[in-house]
Amino acid sequence: MKLKSKLKQFLFEDDRPFHNCHASTVVSFPNGDLLVAYFAGSLEGAPDVAIWCSKRTNGVWSTPYKVADEEGLVHWNPVLFRKRDGQVVLHYKVGKPIPEWYTRVIVSDDEGETWSEPCELVPGDRVGGRGPVKNKLIELHDGSWLAPASLERGGWNVFADLSYDQGATWTMSELAPIVRSTDGVPAEVKAKHLVRGAGLIQPTVWESEPGKVHMLTRSTSGFIFRSDSADSGRTWSTCYKTYLPNNNSGIDLAKMDDGTLVLAYNPVGMYKGPRMPLMLSYSTDNGETWEELLALEGEYTTYKLPIEPGEFSYPAVIADGSRIYVTYTWKRQRIVCWSFELEA
């Protein structure tokens, strides 16, 4: 896999209308335009934090504009999805503290220019937050939607939210089983499955063939964990450790038309290591092995931490034909968008 072309852009400069921004999400349109959403305000978790958007038209980014801001509610983690009919759906969390947040949804029929009034994703869901938690939902081979989801009440847990009617109603899958204790656990199971600390959250998902779905997850164990489903996400295998490092920060991946997976992550194996550098890697064997493609930010070697200060985190990755788009947080001050064209 080689980079045929690449372009790095900031969505906005220092004249942004907020102090702090984070947790971007991106969709593309048939004409090549992009729409990116993120939360922004004075500081993450503050009452003035709202959901904002920036749109790239003919290669030029618009001035940031606010799309969701309910008074008295903290806003978090937007997730964009473009339906086959062109309608854009935006899910996001509201409320504080995080274990008790819940999910709002709004839609746009004009590619993000205007939006509907917010409504609850799952009526009555007021604790934990159903639906996508950070990363994009995907449409499965049978036309159903699968949203990668997690809960942060007590121990952290991952699951999938499934919709069989284009997002009108949702069905929660079983939680992906997690091994949390060493009591009575054989050494080989402990080495492969044991999750230390709070647990696993914020999965990113893909379907390798009809009905077979997989997730990689953020963890508090120093590595990215994985779980697999053979029934379109209704049940999941016991979560197991990959060899990819994770510093308890967000990850995301996209599956290209030829099956290649492209993953963005911080390659740091610490419980709370620096959210830098930010690496783009790819897999041609359904995520069994990975090859580094590009350091998006910072420098990385096997034996020493990066020397460049800053935070480069919470990537979002989408695939559009031979093109890959990656957005992420840049020092909590800006959002970056990379555009790549790849060739085998």
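This text follows the structure it describes.
Structural notes, computed from the coordinates. What you are looking at is a predicted structure, and each value in this text was computed from that prediction instead of being measured.

The next point concerns the state of the cysteines. On inspection of all chains with the given rule, the structure shows zero disulfides. You can see Cys 21 has no disulfide; the closest cysteine sulfur is in Cys 53, sitting 13 Å from it. Judged by its relative accessible area of 0%, Cys 21 falls in the buried class.

Bringing the sheet that holds strand β14 (residues 171–172) into the picture now. Strand order in this open sheet of four strands is β11-β12-β13-β14, and the pairing throughout is antiparallel. At either margin of the open sheet sits one strand with a lone partner, and together these are β11 (138–139) and β14.

Let us now look at the packing of aromatic side chains. For any pair of aromatic rings, the description rests on two quantities: the centre-to-centre distance and the angle between the ring planes. Tallied over the full model, the rule gives 10 aromatic pairs. Ring geometry for Phe 18 against Tyr 38: centres 6.0 Å apart, planes inclined by 65°, an arrangement best described as edge-to-face. On the criterion of sequence distance, the pair formed by Phe 18 in the loop between β1 (2–10) and β2 (20–28) and Tyr 38 in strand β3 (residues 34–41) is long-range, its members being 20 residues apart. Each member of the pair, Phe 18 as well as Tyr 38, is classed as buried. Consider the rings of Trp 76 and Trp 101, whose centres lie 5.7 Å apart with planes at 65°: the pair is edge-to-face. With Trp 76 in strand β7 (residues 75–82) and Trp 101 in the loop between β8 (88–94) and β9 (102–108), the pair connects residues that are 25 residues apart, well separated along the chain. On the basis of relative accessible area, Trp 101 is assigned to the buried category, the value being 3%.

Inspection of the secondary structure assignment puts Val 36 in strand β3. By relative accessible area, which is 0% here, Val 36 ends up buried. In contact with Val 36, not counting residues within four places along its chain, are Leu 11, Ser 24, Thr 25, Val 26, Trp 52, Cys 53, Ser 54, Trp 61, Leu 80, Thr 327 and Ile 335.

This paragraph deals with the pattern of salt bridges. Inspection of every chain in the model, using the stated rule, returns 19 salt bridges. Across the pair Arg 334 and Glu 13 runs a salt bridge whose closest N-O atoms are separated by 2.9 Å. Within this pair, whereas Arg 334 is found in strand β25 (residues 334–343), its partner Glu 13 is found in the loop between β1 and β2, the two being separated by 321 residues in sequence. Among the ionic pairs, Asp 69 bridges to Lys 66, the shortest N-O distance being 3.3 Å.

Before going further, it helps to examine the sheet that holds strand β16 (residues 212–219). The strand order across the open sheet formed by four strands is β15-β16-β17-β18, and the pairing between neighbours is antiparallel. In the strand order of this sheet, the two ends are held by β15 (200–209) and β18 (240–245), each with one partner. Along the sheet, successive strands turn relative to each other by an average axial angle of 30°, direction set aside. Sheet topology places strand β17 (residues 223–229) next to β18; three bridges connect them, and they run antiparallel. Across the sheet, the residue bridging to Phe 225 is Lys 241, located in β18.

On to the nonpolar core. In this structure, Leu 35, Ile 51, Leu 80, Leu 90 and Trp 115 are the most contacted members of the largest nonpolar core, which totals 23 residues. One finds Met 256, Leu 280, Tyr 282 and Leu 293 within the second-largest nonpolar core, a separate group that totals 21 residues.

Moving on to unusual backbone geometry. Here the amide bond leading from Lys 96 into Pro 97 is cis, since omega sits at 5°, within 30 degrees of zero. One can find Pro 97 in the loop between β8 and β9. Even without a glycine there, the phi angle at Asn 286 is positive, about 65°. As for its placement among the helices and strands, Asn 286 is situated in the loop between β21 (278–283) and β22 (291–297).

Conventions we followed
- Residues numbered from 1 in each chain as written.
- Predicted model: local features only at pLDDT ≥ 70, side-chain atom pairs only at ≥ 80, totals over all residues.
- Heavy atoms only, no water.
- Disulfide = S-S within 2.5 Å.
- Buried < 20%, exposed > 50% of the residue type's maximum accessible area, 1.4 Å probe, protein only.
- Pairing = 2+ DSSP bridges.
- Helix = DSSP H or I, 4+ residues; strand = E, 2+ residues; numbered from the N terminus.
- Phe/Tyr/Trp six-rings, centres within 6.5 Å; stacked < 30°, edge-to-face > 60°.
- Contact = heavy atoms within 4.5 Å.
- Salt bridge = Lys/Arg side-chain N within 4 Å of Asp/Glu carboxyl O.
- Axes fitted to C-alpha atoms, helices over the stretch in contact; angles between N-to-C directions.
- Core = buried A, V, L, I, M, F, W, Y, C linked by side-chain atoms within 4.5 Å.

Everything listed is a geometric property; what it means functionally is a separate question.
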